[in-house]
Amino acid sequence: MRSMVIGLIFLSFISAGCQTVNNTIMEKVFGYEKRQLLKNAVENLSKDQKKAQFYQKAVQELGAINTVIDDISFHIVPTLEDLNKEGMTMSHCVYTYLDRVVNKDYIPVHVQHVISNERATLGLYRRNGQLEFDQLKGYRNSRATREMIEAVLEFLEINKIKSSKSNNDLTPSSSNI
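Residues numbered from 1 in each chain as written. Predicted model: local features only at pLDDT ≥ 70, side-chain atom pairs only at ≥ 80, totals over all residues. Heavy atoms only, no water.

What follows covers a negative patch on the surface. Taken together, the side chains of Asp70, Asp71, Glu147, Glu154 and Glu157 make up a negatively charged region of the molecular surface. Topologically, Glu157 is positioned in helix 6 (residues 146–158). With relative accessibility at 64%, the residue Glu157 sits in the exposed group. (Patch = residues over 30% accessible without salt bridge, like charges linked within 9 Å, V, L, I, M, F, W, Y side chains within 5 Å. Areas by Shrake-Rupley, 256 points an atom, 1.4 Å probe, with all protein chains shown as cover. Salt bridge = Lys/Arg side-chain N within 4 Å of Asp/Glu carboxyl O. Lys, Arg positive; Asp, Glu negative; His and termini not counted. Charge placed at Lys NZ, Arg CZ, Asp CG, Glu CD. Helix = DSSP H or I, 4+ residues; strand = E, 2+ residues; numbered from the N terminus. Buried < 20%, exposed > 50% of the residue type's maximum accessible area, 1.4 Å probe, protein only.)

This paragraph deals with the packing of aromatic side chains. Counted under the stated rule, the structure contains three aromatic pairs. Look at Tyr97 and Tyr106: their rings are 4.5 Å apart centre to centre, the planes differ by 25°, and that puts the pair in the stacked class. Ring geometry for Tyr106 against Tyr125: centres 5.6 Å apart, planes inclined by 85°, an arrangement best described as edge-to-face. Remark: Tyr125 occurs in strand 4 (residues 119–127) and Tyr106 occurs in strand 3 (residues 106–113); sequence separation between them is 19 residues. Here Arg127 stacks its cationic end above the ring of Tyr125, 4.0 Å away from the centre of that ring. (Phe/Tyr/Trp six-rings, centres within 6.5 Å; stacked < 30°, edge-to-face > 60°. Lys NZ or Arg CZ within 6 Å of the ring centre and 35° of its normal.)

As a further point, take the environment of Ala52. Along the chain, Ala52 turns up in helix 3 (residues 32–60). Along the chain, Ala52 and Leu98 lie 46 residues apart, while their C-alpha atoms are 9.5 Å from each other.

Moving on to the sheet that holds strand 1 (residues 67–69). With antiparallel pairing, the five strands of this open sheet are ordered in space as 1-2-3-4-5. Two strands lie at the open edges of the sheet, namely strand 1 and strand 5 (130–137), each paired on one side alone. Taken pair by pair, the neighbouring strands of this sheet meet at an average axis angle of 25°, ignoring direction. The sheet contact formed by strand 2 (residues 72–76) and strand 3 spans five bridges and is antiparallel. Paired with Ser73 across the two strands is Gln112, which belongs to strand 3. (Pairing = 2+ DSSP bridges. Axes fitted to C-alpha atoms, helices over the stretch in contact; angles between N-to-C directions.)

Once that is clear, we can look at helix 4 (residues 80–90). All of the buried residues along helix 4 are Leu80, Leu83, Glu86, Gly87 and Met90. Projected down its long axis, helix 4 carries its buried residues within an arc of 115°, all on one side. In helix 4, the exposed positions that point more than 90 degrees away from the buried face belong to Glu81 and Met88. Looking one or two residues past helix 4, Ser91 carries a phi angle of roughly 50°, positive in sign. (Arc of directions from axis to C-beta.)

Right, dumping it as structure tokens:
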């Protein structure tokens, strides 16, 4: 009998066009924990949407550095969704830099050879209005080829981006020579 009553309440909830339902009824139908989970999910979605807006604002102002050098394109990762795709496609952790990007402390750049489709992700620090090289990572954090590294070095020079010559990501391995 109880399940029939719950079913009728649920059907009346649906047939009412999912309009606002009294919390007491929702607790009887879904239970307090499930109602809280739903409420939290809606709040988190709202926070994610705000983060996506902050992300776009943070990267928009640097769009002028998007360019192509020697068949290698450099494009700032423009959206939160694209940042997630970059991490999934490249099988690395660039998405974990989300908060740094939103706080305008970091900028991810998608790097891709337009002919061979070799890809890498360039990470740049944002400090005191200046950009500084952090890392260049290929698929699963592998090292980029010599051709890509040389284009990245030129990109850094053109855009007056500081880099440490001792950084291993800018030194091709002997197998990439």
